[in-house]
Amino acid sequence: MFDQWVPYTNDQLLIFKNAAGTADTIKIAAVQRSESYEGRTGGGYGCGRGCSADVIVSGTNMQGNDFQKLTINASKKDPVGNGQGTFSNIYVSMGTAGFGTISLADTGFVKSELLQTSLTTKFNSSLVIGTKTFSNVQLIQFDTAVYKQAGIYKFYFARNEGLVGWENYPSKTLWIKE
């Protein structure tokens, strides 16, 4: 499911443009993956049985010096190692904006109802963003009545495409993937 919503490879370029035609490029600098479900065994001193798998996607500007451009961290853990009680944690950040979710589904990122109450999500089978139409899009949005931080307040992710747009607050500048 992660690869459907975050389908990136090393050195991939993501080009976004705003209504004025200004381009903003994200270079996927690294996609680091652990081996599938690395197993651990042990018994004392905080070492327990279990399995985990992790992935980190790092995106920079073209110069490679802005590592806050895009970061996606995901981990899946099976604390007992028996395939029961699995859970996931995913954190997406761009600049000063970010959100955490508990898992991924066919409809996108699944947020915890207990955390980030100012965050809403909505899945659309088809959505026009600016002048472009995308399929299977999830809008993730901060409520600006509560969240008044300048920067990104809307994220658009499309299944099998990844990040397809974002919008800044308070300027309402919309950036759309080319």
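Quick summary incoming for the structure in this document. Worth saying up front: this structure is predicted, and the values here are computed from it rather than measured.

Assigned secondary structure in the chain consists of 1 helix and 14 strands. Each of the 178 residues in the chain was classed as buried or not, and the buried ones make up 42%. Surface exposure of the chain reaches about 9400 Å², of which carbon and sulfur atoms provide 50%.

You can see Glu167 is positioned in strand β13 (residues 162-169). Contacts of Glu167, omitting those with residues within four sequence positions, involve Gly151, Ile152, Tyr153, Lys154, Tyr156, Lys172, Thr173 and Leu174.

Below, the discussion takes up the environment of Ser34. Along the chain, Ser34 turns up in the loop between β2 (23-33) and β3 (38-40). For the pair Ser34 and Ala53, spaced 19 residues apart in the sequence, the C-alpha separation amounts to 5.6 Å. If sequence neighbours within four positions are ignored, Ser34 has contacts with Ser52, Ala53 and Asp54. Here Asp54 takes part through its backbone nitrogen, which lies 2.7 Å from a polar atom of the side chain of Ser34.

With that settled, consider a nonpolar patch on the surface. Side chains of Leu13, Ile15 and Met62 sit close together on the surface and give an oily, nonpolar patch of about 260 Å² of accessible area. Looking at the element boundaries, Leu13 is found in strand β1 (residues 13-17). Classification of Leu13 as partly exposed rests on a relative accessible area of 45%.

To continue, consider the packing of aromatic side chains. Within the structure shown, the criterion is met by 7 aromatic pairs. Judged by centre distance (4.7 Å) and plane angle (55 degrees), the ring pair of Phe16 and Trp166 falls under tilted. Of this pair, Phe16 sits in strand β1 while Trp166 sits in strand β13, and the two are 150 residues apart along the sequence. Among the residues examined, Trp166 registers a relative accessible area of 3% and is labelled buried. Ring centres of Phe109 and Phe157 lie 5.0 Å apart, and the angle between their planes is 70 degrees; on these two criteria the pair is classed as edge-to-face. Residue Phe109 is located in strand β9 (residues 108-110), and its partner Phe157 is located in strand β12 (residues 151-158); the two are separated by 48 residues in the primary sequence. Assigned by exposure class, Phe109 and Phe157 land together as buried.

Bringing the environment of Gly100 into the picture now. Relative to the helices and strands, Gly100 resides in strand β7 (residues 97-101). Linking Gly100 and Asn73, residues 27 residues apart in sequence, is a C-alpha distance of 9.4 Å.

Turning to the pairing of β2, a few remarks are in order. Looking at chain direction, β1 and β2 are connected through 5 bridges and run antiparallel. Residue pairing across strands places Phe16 opposite Asp24, the latter belonging to β2.

This next bit is on unusual backbone geometry. Cis geometry marks the peptide bond from Tyr169 to Pro170; its omega dihedral reads 5 degrees. Its location among the elements puts Pro170 in the loop between β13 and β14 (174-177). Positive phi values are uncommon outside glycine, yet Asn160 reaches one of about 70 degrees. Mapped onto the secondary structure, Asn160 falls in the loop between β12 and β13. On the basis of relative accessible area, Asn160 is assigned to the exposed category, the value being 55%. Despite not being glycine, Lys172 has its phi angle at roughly 65 degrees, a positive value. The partly exposed category is assigned to Lys172, whose relative accessible area is 47%.

Conventions and cut-offs
Residues numbered from 1 in each chain as written. Predicted model: local features only at pLDDT ≥ 70, side-chain atom pairs only at ≥ 80, totals over all residues. Heavy atoms only, no water. Helix = DSSP H or I, 4+ residues; strand = E, 2+ residues; numbered from the N terminus. Buried < 20%, exposed > 50% of the residue type's maximum accessible area, 1.4 Å probe, protein only. Areas by Shrake-Rupley, 256 points an atom, 1.4 Å probe, with all protein chains shown as cover. Contact = heavy atoms within 4.5 Å. Polar contact = N/O pair within 3.5 Å; in protein donor to acceptor, adjacent residues only side chain to side chain. Patch = residues over 30% accessible without salt bridge, like charges linked within 9 Å, V, L, I, M, F, W, Y side chains within 5 Å. Salt bridge = Lys/Arg side-chain N within 4 Å of Asp/Glu carboxyl O. Phe/Tyr/Trp six-rings, centres within 6.5 Å; stacked < 30°, edge-to-face > 60°. Pairing = 2+ DSSP bridges.

Treat this as a map of the structure, not an account of what it does.
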